[in-house]
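# A closer look at the structure
Chain by chain, the residues run as shown.
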Amino acid sequence: MNKSFKISLAIATLAMLASHSSFAETASDTVDAKVGIQPAMELVCSDVSFGVWRIPARTGAATTITLDRDTGTVTATGNTTRVAQSTSNASWLHSRGECVLSGSTAATGTAVSITMSGSTAMSFDAANSSTTGFAGLNAPTTAVTGMQATLDAPATVTLGAGGTATFYIGGVLTIPGTISANNYGGYKTTTSATVTANDGV
């Protein structure tokens, strides 16, 4: 192989390599990172509803409405003359408060302590349907005075699998003995009770 042929071959090889490199391509994209943070333990509770009751205009003794936290049943005692629960609308029915605990790192079967504050002698004020959830029931012209509720929760609840537990809130409502036509309508407590769960961890 003579020298000129070697040079020609080298030039051809370089030209081929240059031709191949001219077709090289690159691609890129962006990558982000994300993370979420939640409370180590969370408690979410719904409101207690004593329901809607039909009570005549009266002057007399008070009526007591008891909502059992364990069974969910509701009963009226005291002055029950012509007193009856109204069931004509599903939104008017009574319901316990439901509390769902999640995120506990305590062992399954742990007895979680439940306490409440601000749950005794809770006073009420007039409230419209958007506040109470009682469809079609407006706020009263004049709020009745002296209506109070005391709520109660279990002292402990057993922690289930996955660090969760569910329990219920009940209570006792006192409806005053003096009721006038201007008092008819929806009511809600003026302050909220606070429920606290302590898993000891």
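Residues numbered from 1 in each chain as written. Predicted model: local features only at pLDDT ≥ 70, side-chain atom pairs only at ≥ 80, totals over all residues. Heavy atoms only, no water.

## Focus: the overall build of the chain
When you go through the chain residue by residue, the secondary structure sums to two helices and 13 strands. A total of 201 residues make up the chain; the buried ones form 28% of that total. Relative to all contacts within the chain whose residues are 6 or more apart in sequence, the contacts with residues 24 or more apart total 80%. Total accessible area computed for the chain in this model is approximately 12,400 Å², and 54% of it derives from carbon and sulfur atoms. (Helix = DSSP H or I, 4+ residues; strand = E, 2+ residues; numbered from the N terminus. Buried < 20%, exposed > 50% of the residue type's maximum accessible area, 1.4 Å probe, protein only. Contact = heavy atoms within 4.5 Å. Areas by Shrake-Rupley, 256 points an atom, 1.4 Å probe, with all protein chains shown as cover.)

## Quick word on the environment of Ile175
In this fold, Ile175 is placed in strand β11 (residues 165–175). According to the relative accessible area criterion, Ile175 is buried, its value standing at 7%. Note: C-alpha distance between Ile175 and Ala149 (26 residues apart in sequence) is 8.9 Å. With residues near it in sequence (within four places) discarded, Ile175 still touches Ile55, Arg58, Ala62, Thr63, Ile65 and Met147.

## Notes on the pairing of strand β7 (residues 111–117)
By the bridge criterion, three bridges tie β7 to strand β10 (residues 156–158) in an arrangement that is antiparallel. Each bridged residue has a counterpart across the sheet, and for Ala111 the counterpart in β10 is Thr158. As paired elements, β7 and strand β13 (residues 194–198) share five bridges and run antiparallel to each other. Within the sheet, the bridge partner assigned to Met116 lies in β13 and is Val195. (Pairing = 2+ DSSP bridges.)

## Comments concerning the pattern of salt bridges
A full pass over the atoms with the stated rule returns three salt bridges. Of the charged contacts, one joins Arg69 and Asp70 as a salt bridge, the two residues approaching to 3.6 Å between their closest N and O atoms. The partner of Arg69 in a salt bridge is Asp152, and the shortest N-O contact between them spans 2.6 Å. Here Arg69, found in the loop between β3 (63–67) and β4 (74–78), pairs with Asp152, found in strand β9 (residues 148–152); they are 83 residues apart in sequence, far enough to count as distant. Asp152 gets classed as partly exposed once you look at its relative accessible area, which sits at 28%. (Salt bridge = Lys/Arg side-chain N within 4 Å of Asp/Glu carboxyl O.)

## A few points about the nonpolar core
Burial of nonpolar side chains together is a common tendency in soluble globular proteins. Counting 30 residues, the largest nonpolar core has Ile114 and Leu173 as its most contacted members. Of all elements in the fold, only β3, β6 (97–102), β7, β8 (122–126), β9, β11 and β13 reach the threshold of two or more residues within this core. The leading source of residues in this core is β11, at five residues. If sequence neighbours within four positions are ignored, Ile114 has contacts with Ala153, Pro154, Ala155, Thr156, Val157, Phe167, Val195, Thr196 and Ala197. (Core = buried A, V, L, I, M, F, W, Y, C linked by side-chain atoms within 4.5 Å.)

## As for the environment of Thr164
Note that Thr164 resides in the loop between β10 and β11. Given the relative accessible area of 34%, Thr164 is considered partly exposed. In this structure, the C-alpha to C-alpha distance between Thr164 and Thr105, residues 59 residues apart in sequence, is 9.4 Å. Only 3.2 Å separates the side chain of Thr164 from the backbone oxygen of Ala161, close enough to count as a polar contact. (Polar contact = N/O pair within 3.5 Å; in protein donor to acceptor, adjacent residues only side chain to side chain.)

## Thoughts on unusual backbone geometry
The phi angle of most residues is negative, glycine excepted, and most peptide bonds adopt the trans form. Residues other than glycine seldom take positive phi values, yet Arg82 does so here, at roughly 55 degrees. Relative to the elements of secondary structure, Arg82 occurs in the loop between β4 and β5 (84–85). Unusually for a residue other than glycine, Ala121 sits at a positive phi of about 50 degrees. Following the sequence through the fold, Ala121 ends up in the loop between β7 and β8.

## Focus: the side chain of Ser104
Looking at the element boundaries, Ser104 is found in the loop between β6 and β7. In terms of polar contacts, Ser104 uses its side chain to reach the backbone amide nitrogen of Ala106, at 3.2 Å. When sequence neighbours within four positions are dropped, the list of residues in contact with Ser104 reads Ala40, Met41, Leu159, Gly163 and Asp199.

## Some points on the packing of aromatic side chains
Taken as a whole and judged by the stated rule, the model has zero aromatic pairs. The side chain of Arg96 reaches across the aromatic face of Tyr168, ending 3.9 Å from its centre. (Phe/Tyr/Trp six-rings, centres within 6.5 Å; stacked < 30°, edge-to-face > 60°. Lys NZ or Arg CZ within 6 Å of the ring centre and 35° of its normal.)

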